[in-house]
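Descriptive structure summary
The chain contents come next:
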Amino acid sequence: MRHSVIFMLVVIALIGSGCSKIEPWVKPYERDRLADPIMSFSRDPVSSSYLHHVYQAREAARGAEGGQGGGCGCN
Amino acid sequence: MVLKAAKVVDVAVTRTARHCLAVGLLLLNTVCQAAILPEDRADAMYHSYDGGGIEITGPSILVRKQIGDSFSVYGTHYVDTISSASIDVIATASPYAEERTENSIGVDYLRDKVTMSLAYTNSEENDFHAKSLHLGVSQEIFGGMTTVSLGYSRGWDDVGTLGNPETFDTDRHNYRLGLSQVLTKDLIMEIGLETITDEGERLNNPYRQVRYLTSATTFDFQDEVYPNTRTSNAVSLRAKYFLPYRAALHGEYRWFDDTWGITAQNFEIGYTQPLKDNWTFDVKVRSYKQNEADFYSDLFPFQDAQNFLARDKEMSSFSTLTVGAGVSYEFGKGNLGFIDKGSLNFSINHIEFEYDNFRDVTAGGTPGSEPLYRFDADVVQFFISLWY
């Protein structure tokens, strides 16, 4: 029991100290590559939505096809 | 660093990238700190699907325009012109032709780092009408490294059969959760979760039938019977990696299951290579595999053999393999008047469908020992895009 309490306290201390130090590690000025259009998950929405439609009509799986964001993290 | 960034982004040239760069230059090293609206663009596409006795062609149009600083509105128009002599049609009915038209309107509203979306879609066929409403909200957090998005859609389908005035309603709810995370200067990742629930008396294709044995050497057909509800879950993980010589590698995995006993997985890997200032080439491979629904059988032992009956090949156990390639040519940068630039795009995807428990009844032979069905399909897209 005592060991468990110590273990929990150590874990909490580690998490606490870790969280306080986490900062965005890729600075905005370092995101030029991520902003390149070839890095977009859906470069041409008209094309990707058509292909999703082709697959959805012929496969039982559906959903989580993406398009929620991506690119440079700026849209 | 800033000069290098400016050079790379200038070659990349999209409005997204230029917005990011402009903001960065203005705010000194704060590229992409604020969320932005999607680019103003118009796309006009011709699409074609040809495989398994089915040909589907038609246009797809998307137009998007920003209004003021906070709103972006868009509209889409999509048509499938279908000519079908598929194995399902050959086995139990007659070849047919029909058309499906889908129109959508939507608006995105940006306020600081939050984007709110609203869209409405209407789809019309001679025996099928569908309306859906989509709501979404996404927010950038953690210095723009993380984007969290939530989405909800509500769909109302009206399913009928030709020659029969009776129609059946289907209600659909979609719940989406997305997380986009910048991991390194070269790597971005996206996680998606989606749960979909359907409720209705005709969740099956009303023209599909199941077959059952009438003797050791003969069989007959009867209507499919599906449960009135279906709930599915899908989880996807995508990653995109920037290669040092300006190319991109992407990978995708999705896992799926539903209350009908189907589980499915798909993997995709792709590569994008720009060449000189105007050309971009894409290649990809996608693999998909699913098992069959609990109530699926290629051949039931007798009529009304169980409560629920399916022989729709999309409910069977099968796998597909897609190999795709595309090319894009960019033109008119800065010399087309109010148009910033344009691109011509062509892509082809070849898909192989291999069924594990769906037999080709048109081949003849003893019921249950016909050859397993398989077919190939070619999916062609040709489109022009304009940014303004």
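Predicted model, so just to flag it, every value in this text is computed and none were measured.

Reading the values: rules and limits
- Every chain's residues receive numbers from 1 upward, in the order its sequence appears when written.
- Each chain gets a letter, beginning with A, and each ligand a number, beginning with 1, in the order they are written.
- Side-chain atom pairs in this predicted model are given and counted only at pLDDT of 80 or more, local residue features only at pLDDT of at least 70, and totals for whole chains, interfaces and linings cover all residues.
- Side-chain measures here rest on the full set of heavy atoms in the structure, leaving out hydrogens and waters.
- By definition, any uninterrupted DSSP run of H or I lasting at least four residues is a helix, any uninterrupted run of E lasting at least two residues is a strand, and each is numbered from the N terminus.
- Any two residues whose heavy atoms approach within 4.5 Å at even a single point are treated as in contact.
- Buried area: the sum, over both parts, of the accessible surface (1.4 Å probe) that disappears when the two are put together.
- The rule for a salt bridge is simple: a side-chain nitrogen of Lys or Arg has to be within 4 Å of a carboxyl oxygen of Asp or Glu.
- We call two N or O atoms a polar contact when they sit within 3.5 Å, provided that within protein one can donate a hydrogen and the other can accept it, with sequence-adjacent residues counted only if both atoms are side-chain atoms.
- Asp, Glu, Lys and Arg are counted as charged, while Ala, Val, Leu, Ile, Met, Phe, Trp, Tyr, Cys and Pro are counted as nonpolar; the rest, among them Gly, fall into the polar class.
- In plain words, nonpolar cores are sets of buried Ala, Val, Leu, Ile, Met, Phe, Trp, Tyr and Cys residues tied together by side-chain atoms within 4.5 Å.
- Per-residue accessibility, obtained with a 1.4 Å probe over protein chains only, is compared with the maximum for each type, and a residue is labelled buried under 20%, exposed over 50%, and partly exposed between these values.
- Patch criteria: residues need more than 30% relative accessible area and no salt bridge. Like-charged residues are merged within 9 Å; nonpolar side chains of Val, Leu, Ile, Met, Phe, Trp and Tyr are merged within 5 Å.
- Computed with the Shrake-Rupley method and a 1.4 Å probe, the accessible areas treat only the protein chains shown as cover for residues.
- Whether two aromatic rings pair depends on their centres lying within 6.5 Å, for rings of Phe, Tyr and Trp, where Trp uses its six-membered ring; planes under 30 degrees apart make the pair stacked, over 60 edge-to-face, and the rest tilted.
- Working rule: Lys NZ or Arg CZ, within 6 Å of ring centre, within 35 degrees of ring normal, means a charge sits over the ring.
- Whether two strands pair depends on DSSP finding at least two bridges between them.
- Multiplying 1.5 Å by the helix residue count minus one yields the expected span of that helix.
- Start and end points for every domain follow an automatic or database-based domain assignment.

It is worth spelling out unusual backbone geometry at this point. Look at Ala64(A): it is not a glycine, yet its phi comes out positive at around 55°. Residue position: Ala64(A) is located in the segment after helix 3 (45-58). Despite not being glycine, Asp304(B) shows a phi value in the positive range, around 50°. Structurally, Asp304(B) is set in the loop between strand 15 (279-290) and strand 16 (318-331).

It is worth spelling out the interface of chain B and chain A at this point. Between chain B and chain A, the contact holds 94 residues from the first and 48 residues from the second. Counting each side, the surface lost to burial between chain B and chain A is near 5,900 Å², with a carbon and sulfur contribution of 60%. At the junction of chain B and chain A, the tally comes to seven salt bridges. Scanning the region where chain B abuts chain A turns up 28 residue pairs in polar contact (both at pLDDT 80 or more). The biggest single contributor to the side of chain B that touches chain A is strand 12 (residues 229-243) of chain B, with ten residues. Taken together, the residues of the side of chain B that touches chain A sort by class into 45 nonpolar, 28 polar and 21 charged.

Membership of the largest hydrophobic core comes to 39 residues, with the highest contact counts inside it found for Tyr49(B), Met315(B) and Phe353(B). Leu34(A), Met145(B), Ile188(B) and Ala248(B) belong to the second-largest nonpolar core, a separate cluster that totals ten residues.

With that settled, the discussion passes to a nonpolar patch on the surface. Residues and elements named next belong to chain B. Side chains of Met116, Val137, Leu150, Leu177, Leu193, Val235 and Trp255 sit close together on the surface and give an oily, nonpolar patch of about 530 Å² of accessible area. Within the secondary structure layout, methionine 116 lies in strand 5 (residues 114-125). For methionine 116, a relative accessible area of 34% puts it in the partly exposed group.

Next up on the list: the packing of aromatic side chains. Residue and element names in this part refer to chain B. In this structure the tally under the stated criterion is 20 aromatic pairs over all chains. Ring geometry for tryptophan 260 and phenylalanine 295: centres 5.4 Å apart, planes at 75°, overall edge-to-face. Highlighted residues: tryptophan 260 in the loop between strand 13 (247-258) and strand 14 (263-275) and phenylalanine 295 in the loop between strand 15 and strand 16, separated in sequence by 35 residues. Phenylalanine 295 shares its class with tryptophan 260; the two are buried. Of the aromatic side chains, those joined through ring pairs into one cluster are Tyr288, Phe318, Phe353, Tyr355, Phe358, Tyr373 and Phe375. Positioned above the aromatic ring of phenylalanine 168 is the side chain of arginine 202, whose terminal nitrogen or guanidinium carbon lies 4.0 Å from the ring centre. A cation over an aromatic ring shows up here: arginine 211 above the ring of phenylalanine 219, its NZ or CZ 4.7 Å from the ring centre.

Residues and elements named next belong to chain B. With ten bridges joining them, strand 13 and strand 14 adopt antiparallel strand pairing. Following the sheet pairing, phenylalanine 256 is matched in strand 14 by alanine 264. Taking the residues between adjacent antiparallel strands as the criterion, strand 13 and strand 14 are bridged by four residues, where glycine 261 takes a positive phi near 90°. Of the pairings in the sheet, the one linking strand 14 to strand 15 comprises twelve bridges and is antiparallel in character. Its bridge partner being in strand 15, proline 274 is matched across the sheet by threonine 280. Between strand 14 and the antiparallel strand that follows it, strand 15, lie three residues; lysine 276 among them carries a positive phi value of about 55°.

In this section: the side chain of Gln381(B). When you line up the elements, Gln381(B) lands in strand 18 (residues 372-387). Side-chain polar atoms of Gln381(B) contact the side chain of Ser47(A), separated by 2.8 Å. The residues contacting Gln381(B), other than those within four sequence positions of it, are Ser47(A), Tyr50(A), Leu51(A), Met45(B), Tyr46(B), Asn345(B), Phe346(B), Ser347(B) and Asn349(B).

Residue and element names in this part refer to chain B. Tallied over the full model, the rule gives 32 salt bridges over all chains. With a closest N to O distance of 2.8 Å, arginine 64 and aspartate 108 form a salt bridge. Here aspartate 108 lies in strand 4 (residues 96-111) and arginine 64 lies in strand 2 (residues 54-67), a separation of 44 residues in the sequence. When sorted by exposure, arginine 64 lands in the same class as aspartate 108, which is buried.

This paragraph deals with helix 3 of chain A. Taking 1.5 Å as the rise per residue, helix 3 of chain A with 14 residues should run 20 Å; its terminal C-alpha atoms sit 20 Å apart, in good agreement. Listed as buried for helix 3 of chain A are Val46(A), Ser47(A), Ser48(A), Tyr50(A), Leu51(A), Val54(A), Tyr55(A) and Arg58(A).

This paragraph deals with the domain arrangement of chain B. We note that the domain assignment places domain 1 (1-33) and domain 2 (34-387) within chain B. Domain 1 of chain B and domain 2 of chain B are separated by 34 Å when their C-alpha centres are compared.

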